[in-house]
Structure formats: structure tokens, C-alpha cells
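This is what each chain is made of:
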Amino acid sequence: MAKTAKTAWGIDVGNCTLKAIKLRSGDENVEVLDFDLIEHEKILSQPDINPQEKFDLIIRALSSFLEKHDISDSEVVVSIPGQSSFARFVHLPPIDKKRIPDLVKLEAQQQIPFNIDDVEWDWQTFQGSDSPDIELGIFAVKKDLVRQALRPFTQADCLVNTVQIAPMALYNFLQYDQKQLLNSAAKEAIITLDIGAENTDLIIADGMRVWQRSIPIGGNQFTAAVQKAFKLTFAKAEAIKKTANTSKYARQIFQAMRSVFADLAAEIQRSLGFYSSGNRDVRYRQVLAMGNVTKLPGLIKFLQQSLSLPVKRLDNFESLKLTSEVPVTRFTANLSSLAVAYGLALQGINEATIESNLLPTDIIRQTQWKRKRWWFVAACAIFVVASTVCFLKAYSGSQDINSSTTGSNLARIDKNSKKVSKSKSDKKMLSASIEEAKLKIQKHAALYQDRNLVPTLYQTILDALPNEVHNPDQQELYKAFNQSEPDPDVVKTVPRAQRKQVFISAIQMIYSNDLNKGFEEIIRERAIVTKSDMGGGQQGMGMPGMEGFPGMPGFPGMPGFPGMPGMPGMPGMPPLFGPGKGFTGPGKKSLKKIQSSETDMQIEEEAPTEPVPGFVIIIEGSTPHKDGLSFLQPPEVGLDRSKWGFFQRLRHLGQTDKNIYDQEHKDTQAPSPAPPSGIKSPMGGPLGVAGLGAPSKETIPEEKVLEGVPNNPYQISESNSALKIPVETYIWPGNTDKYFLIEKGWIKASDADPKQPGGLGVLKPVSESGAGMNVGFDTTESGGQVTALREIIDPLTAEVISEVYKRNSNNEVLTDIEGAPEYTQNDYWFRIKLKVKLKEDNSKSTEPALPDKVSAR
């Protein structure tokens, strides 16, 4: 950013109005020197406006603003819409501050889902005065989007010094101005809503943390509802909406917009629930709403009732002082629309909390050159004068070259020359050490050379979910979910307990320098947490994507709610792939200890000596199928891929039939203890068959290894598809928990199970009366009445997915012979932790030939 100016203009170009405010730092409070609001001739987000017409409308508004106001002596800060940008906050581990820039670059490559060369990005660290914890904020926007936003300013010859994301400007406004609200909130979180024409920016301020989401509902949706109800043009519907407060048809207008009210409240409630699932100790203080849409009749009251939180419309600025030139009446009337511009201008005078700048580097240079070109002219003149003086002095010095002091000077020069030679030698040795360090860094960065790696890995996980290919008998069910507006009636035609579905509520991807470490150690090192492991965090949130920056993709089971979890689980799941394994990893290893009993067998081996970089993937989700374990992990299926479940596809991620055969065939040559009687591989057959368990004590015939591998087009196609996947599941012998760890349980509408993932459905308040017990977070008894407070439901089909009590016809809770209540258990949740590594050679695209026995199957 350029040097601090005494004054700054914050300019927010919205779809309806260009809003600008000029601030100056005062002795006590910031002063407002000027402001303006210029409405566009048409709403920029109208369906019938093309990009060129939109650009012309912005140019006309900006030119009108520049004709009335002189901005040459001020910093100019402009905004980028929240839906077009990317912001992520990460908790850093305690490290030396000198190492933070290197760690930031690695985090940026991992967090930003695009080639780092295609985005403008910036970062900033935050640390409390009494806390050692450091929060890292990463902000980014695609280069083409920021240049598109700046094009009108360039056309109008308006020099821009800083570009900031609109939600971050709102956060700066909140931190600086609403001090009474923040002080009264103590450690409680404040929710800010800025309802615009196309989107609603939701910002949660929680101490040093800030979380934002752009909800795709705004003033245009309200206008469209009025347009549809009264069969008007968009312009007439907009006019009616603006005058709804004074219209005699206010009630009819409100009824027409009621569905949009409900959608907006539902999206806000869903966002708050999602944030709470990752931050279990958060408490919300109140909601601060702004934007012209908040003037609609009944909206504030409706939001307050729906969210069960106080909702306040922004009606004053606490830390601003108006100068005599500012018209108080007009400023107060438009105060609710100036918050973003206010936050932008605060950054221009260095009063902002978040100071990131997404202005392209070449534009920064142009701006600095235009502001300082006269300084360069003066510098050139000084250079010419100085050169002349030096020339005259050199001429005078040449007369003394043969003086008596020349000899001693030459001796001193020779001595210094030898010192320089020695320094060069030392430099060469240091350079060699630096090159060695660079090679290590390049090895760790190899996973990020191909920017398609992370999206490909996400897509591979999605492809492993149940779908029309894996389960053709439920094609209509999957089609009902995949259409633009899911049809709950079609979904309900298949009983919930029979639906072959897996819903994913969250995916986290954690880079590690060495996958041989345990899951907990890797998670602690990276300071990326899951709900069950280390409390709340911001990682892996499956919220909807943004324009130019997609978020976590939506998963089956929740169409219309992208990235929102579905629901699943696994009844009483045993360890997934048996304690012992027949696979080996890279590097040297040695058998360390063998334990065997009638019920347990465990092989512990030393980890490979060579570090293996890769990813730890944490998947949380649920399933409604009644046979949770058998559905997710069908037994006795061997290598028949058409019968595999979701877990088996993850277990052999990126592995062909040939890979599996070769590994097992190699492992069967070495003797090892036979498995205890009766132990079966979860993938089918005895342990040690087809690479799915500990190797047998005796050599297994090739025919036995290949047993269960079918020869059909589906098997061949699925095996060949594994070649295209650049990663594979990383496995080395030892306890299964070292590389494939599972947690599971019944979904409960209470905090009884702290490991249960968040976001498995929607918490629904339930009010019912009757004798006996109810399932909920709490119960309240009054006069013999018992009230159940909450249960978890599927937001699409409204089916209960949490555990509930069994009841008789009198609504009394049924108990067993010992008097304990009996339950009806619905969906299950699960959490999988697995490790994947980059394949050693991704350049080979053809599968090696199988042995004759395999080829002929």
C-alpha cells in the first residue's frame, strides 16, 4: 500500500448505487468530509442487461461522481464483491516469525483452489496481545475478475490505491465503529448481514476470528417474487417493492415475498448451524442488518422470530464526526448503505484491522509512478549535477596518481583482494548448502506442481460414492437427487432404510511431510482440527462455492444445499481391514513384534525409514441404509469391484487389479503367522487372500490369490480407470489405525457423543406433551407435561434421522425388562481417516501385462 494519506475515499460500486465516503483522521474520532450516492440508470443485475451495457452504466455513474468530487489528494480504496473472492483463516502452529512467509506460501498453494499464478492474493497475521496463538488470513481473487472490476476506474482515469473484499471491509467497519456492541458482547459472536441486490454477505466476528459467506439471495429475488405474483415488468415490480411501506397493498406485497423471506432465514440459520458445528463453544449475541432491503415491511421481525436472536437494523455510526459541509439529513437517510464504503475508507487512512490489498502489482507500479513522476524529474536533475561534480573531482584526483602514497595504497588493495577471494570461496560453500536445501523444498512441493491434483482427488472420492453405476437398481432415486430441484416425493418411494446412499458432510485434506507418522501427530503439526480431535476450526467447511472460487462440492442427498452434509453411519463397525496387513510401503522395514490370540492378531513393524510426503484425508458423513456396515463394506466380495462398497473403493484408491495381485503375490512368499481360526477379511475370504489381510503362514497358490476376480467389462474398466488417478492409498504393515482409521455411531440429537460430526441434518424444535420421556437436548417438566426441544431431520424429506425412543399407542416410552428405555435408531454417522501418496510415476498411462493366469480369467 502507498504511504498513509491524510484523507481517503472508499468507493463501493453496487448493483443499484455507487456509494462513496471521504474520511480524515481526527484527534479523537474519524471525520466525514464528504459522501455521495449515485443511482445507476438501471439495476445492473437485471436479466436483460448485457456486460457491455453494465460497463457503460458503471462508467456513467463513476464519471458523474468524479465531476462533482476531487479525489486527487486522497487514497482511493474500492471493493470486490464477496461472491467473487476467497477468504480463509487458518490457525498457525507456534513457529519462528521469520519462517511465517515460507509457511504462508505453502498454505496458500494448498488452500487456494487455482494456480497461484492466476490469482491476486495477499495475507495477514493476527495475534492477541495476551495470547501466543497466531491466526493467518489468506485473501484471493482471480486476476481476470479483479481487472474486470477495475476496468471502469481505468477508463475514467481514476487512480486506485487499494482493492479489498467487501465482507472484509464490513468487518473493518464493525471492529472500528460498533464498539458499544462489541464491548457488550464480551466473548460472544456478532453476526453482520449486508443484504444487496444479488447476494447477502454474512460475516461472523468471533474474537480474532472472522468467517464470511455470500448467500445467493438479495433484493432481486424479492423483486422477482413481486413480479411473478402481480405479472409486472421487473422495473415496475422494483418500484412497487420500494414503496411497499406506504402502499395500500402492503399486505399483498408482503405475502408475495414471504417465500423469499423464508428462504433467506433458512440459509442464514443453516450457515449459523454450520459455523457452530465447527466451533462448539460459540454463542451468538445478535444480528446487525444493513442494506436498503432491510426497509421492507416485516423483514426484521421475521428474521428475529426465525433465528431466535435479536436483529437490529444499522441506524447510527458511533465513531464518526460529521463536518459542517456534510448534509446531516441525507447522510442519516442513507447510513445503512454506507457501511462497506466506510470500511474501505478506514483502510485508506490506516485505521482498519484487515489491511490486505488485492490490487495487481503492475497497477500499483503505474499508480506510484503517476503520483511520483515529478520526484523522478527532480532526481534526474540532481543526478546530472552530481555527475558533473564527480567528473571534476576525478580529474583532480588523477593528478595525484604518481604521488608518494600510491605505493602504500596498492599494497592495501592487494591485501583486500585476497580477503575478497577467501570470501568468494566461503560463499561457494554456502551456496552449495542452499542448493541442497532447495532440493528438499522442491521434493516437498512436488505434490503441488500439478494444480489439478487436489480437485482430481476430491472428484475421485466423489466417484467412490454409491451412484447409478454401482447400484443400477436405484437409478430413479439418484436422478431425483441430481436434478436442479430435488423431488422429495420420488425419494420417499424408496424406504429410507433401503436407500443405498452415503452423504458426506465434510472433507479435510491435510498435507504432511511424512505419512509414516500417526494421524494425531500429523493433525497437531498442521494445526488443522476436526470436531472430535481438537475442537472447532475453519477447515474443510462444505459451504457453497463462490463465483470464480468453488467451495466444497455438494454431495448426494442434499441438492439445493451445496456442500451441506447429508446423513449416515455404521452400526457397531469393527476395524476395517483387520489388524494385520499384507501390504508393504517404501523404504526399509523389519518385523518387530507379533501378537496372536483367539480374538485378536496384530503385526507391528517399524515404519519405513524414508519420509513419504502426501495427504491425510478426513471424511465425515452418514448413511440411512439399515445394513450400514454391510452396505458400506460388503463382506465376502473379494476383488469383485461391482460388489465393493464405499470403504473398499477408498481402501484401494488408485490401485489396479495388477497392483493388488503383485503386492499380495510378493507378500505370500515370506512366512508369517497364520490368522486365528474364524477371522475373515472385511473384503471377503480369509485374511491373506487377495491383498486384504495378513499373509498366510504358508505360500498361497496363485489360483487362490486370484479367486473372486471376475472377467467382465465393468471389472476391466474400473481397474484401468485406477491408472488415471495420480495418487494411491498409502499403506505399510502394522496396526490398521496407522493408515485407515474409522469412528462411527448412531446419530443422536444430543451432545451425548462428543465425536459425532456436525452438520448431519437440521436441528428441528419439537414441542409435544405426554407422559414419559422424550428425546432432545434437554427436557422441561411442568405440571406433568414433558417437552422435547430438538431432533435432527433430513432437510429434504423431513424424515427423522436421529435416535428416538420407541413408544406405544399412548405415546409412552417403551422399556426393556430392566426398565431401560428402548430406542429406534435411524441413521449412522462415520468418520474415516486415510493416507494417500503421489504415485511414483504418473507418466505411465498403460497398464502392465498381467500374468497368464490373470489374463485368462
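Residues numbered from 1 in each chain as written. Predicted model: local features only at pLDDT ≥ 70, side-chain atom pairs only at ≥ 80, totals over all residues. Heavy atoms only, no water.

Asks: Can you walk me through the overall build of the protein in this structure?
Replies: What the protein contains, in helices and strands, is 24 helices and 27 strands. Burial status across the protein gives 49% buried among its 857 residues. The long-range share in the protein, meaning contacts at least 24 apart out of those at least 6 apart in sequence, stands at 72%. Accessible area for the protein stands at about 41300 Å²; split by element, carbon and sulfur atoms hold 52% of it. (Helix = DSSP H or I, 4+ residues; strand = E, 2+ residues; numbered from the N terminus. Buried < 20%, exposed > 50% of the residue type's maximum accessible area, 1.4 Å probe, protein only. Contact = heavy atoms within 4.5 Å. Areas by Shrake-Rupley, 256 points an atom, 1.4 Å probe, with all protein chains shown as cover.)

Asks: Teacher, can you tell me more about the sheet that holds strand β8 (residues 162-165) here?
Replies: The strands making up a sheet associate through hydrogen bonds between their backbones, and the pairing can be parallel or antiparallel. Spatial strand order, β8-β4-β1-β2-β3-β14: 6 strands in an open sheet with mixed pairing. Looking along the sheet, the strands with just one partner apiece sit at the ends: β8 and β14 (320-322). Taken over all neighbouring pairs, the strand axes of this sheet differ in orientation by 30° on average, direction set aside. Of the pairings in the sheet, the one linking strand β4 (residues 75-80) to β8 comprises 4 bridges and is parallel in character. From the neighbouring strand, V78 faces β8, where its bridge partner is V163. (Pairing = 2+ DSSP bridges. Axes fitted to C-alpha atoms, helices over the stretch in contact; angles between N-to-C directions.)

Asks: Explanation requested: the packing of aromatic side chains in the structure shown.
Replies: We describe a pair of aromatic rings using the distance from one ring centre to the other and the angle between the two ring planes. All chains considered together, the criterion is met by 19 aromatic pairs. Judged by centre distance (5.1 Å) and plane angle (85°), the ring pair of W9 and F65 falls under edge-to-face. Remark: F65 occurs in helix α1 (residues 51-68) and W9 occurs in strand β1 (residues 7-13); sequence separation between them is 56 residues. F65 shares its class with W9; the two are buried. Residues F35 and F331 carry aromatic rings whose centres are separated by 5.1 Å and whose planes lie at 85° to one another, so their mutual orientation is edge-to-face. Of this pair, F35 sits in strand β3 (residues 30-39) while F331 sits in helix α10 (residues 328-333); the two residues are 296 residues apart in sequence, bridging distant segments of the chain. The class of F35 is buried, set by a relative accessible area of 3%. One aromatic cluster is present, built from ring pairs that chain together F35, F173, F317, F331 and Y342. It is R151 that lies over the ring of F55; its NZ or CZ is 3.8 Å from the centre. (Phe/Tyr/Trp six-rings, centres within 6.5 Å; stacked < 30°, edge-to-face > 60°. Lys NZ or Arg CZ within 6 Å of the ring centre and 35° of its normal.)

Asks: I keep staring at the sheet that holds strand β10 (residues 200-206) and nothing clicks. Help me out?
Replies: Strand order in the open sheet formed by 5 strands is β11-β10-β9-β12-β13, with mixed pairing between adjacent strands. With partners counted over all chains shown, the strands left at the sheet margins are β11 (209-215) and β13 (311-313), one partner each. Each strand axis lies, on average, 20° off the axis of its neighbour in the sheet, ignoring direction. Contacting β9 (189-195), β10, β11 and β12 (284-290), helix α4 (residues 166-177) crosses the sheet at an angle of about 45° to β10. On top of the sheet, helix α9 (residues 299-307) reaches β9, β12 and β13; it is set at about 155° to β13, its chief contact.

Asks: Teacher, can you tell me more about the side chain of E743 here?
Replies: Along the polypeptide, E743 turns up in strand β20 (residues 740-746). The exposure class assigned to E743 is buried, which follows from its relative accessible area of 12%. There is a polar contact of 3.3 Å between the side chain of E743 and the side chain of K755. (Polar contact = N/O pair within 3.5 Å; in protein donor to acceptor, adjacent residues only side chain to side chain.)

Asks: So what exactly am I meant to see when it comes to the nonpolar core here?
Replies: Side chains of a nonpolar character, in soluble globular proteins, are inclined to be buried together. Among the nonpolar cores identified, the biggest contains 67 residues, and I11, L23, F65, V163, F173, F317 and F331 are the most heavily contacted of them. Sorting elements by how many residues they give to this core places α4 first, with 8 residues. Not counting residues within four places of it along the chain, the set of residues in contact with L23 comprises K6, T7, A8, V30, E31, V32, L320, Y342, A345, L346 and I349. Ranked by size, the runner-up nonpolar core spans 37 residues in total, among them L193, V226, A244 and L307. (Core = buried A, V, L, I, M, F, W, Y, C linked by side-chain atoms within 4.5 Å.)

Asks: What am I meant to see in the pattern of salt bridges here?
Replies: Note that side chains of opposite charge can pair when their charged atoms are close. The final tally for this structure, using the stated rule, is 27 salt bridges. For R213, the salt bridge is made with E267, and the minimal N-O distance between the two is 2.7 Å. Residue R213 is located in strand β11, and its partner E267 is located in helix α8 (residues 250-278); the two are separated by 54 residues in the primary sequence. When sorted by exposure, R213 lands in the same class as E267, which is buried. Among the ionic pairs, E238 bridges to K241, the shortest N-O distance being 3.4 Å. (Salt bridge = Lys/Arg side-chain N within 4 Å of Asp/Glu carboxyl O.)

Asks: Looking at this model, I keep getting lost on the packing of α8 against α9. Mind explaining?
Replies: When two helices pack together, you describe them by how their axes are tilted relative to each other and by the distance separating the axes. At their nearest, the axes of α8 and α9 sit 10 Å apart, and the two run at 45° to each other. In this view, α8 runs oblique relative to α9, as classed from their interaxial angle. Regarding α8 and α9, the two cross each other, and that crossing is right-handed. Touching R258, F261, A262, A265, I268 and Q269 of α8 are L299, F302, L303, S306 and L307, all from α9. By residue class, the composition of the contact of α8 with α9 is 8 nonpolar, 2 polar and 1 charged. (Parallel < 35°, antiparallel > 145°, perpendicular 65-115°, else oblique. Left-handed = near helix turned anticlockwise from the far one by under 90°. Nonpolar A, V, L, I, M, F, W, Y, C, P; charged D, E, K, R; others polar.)

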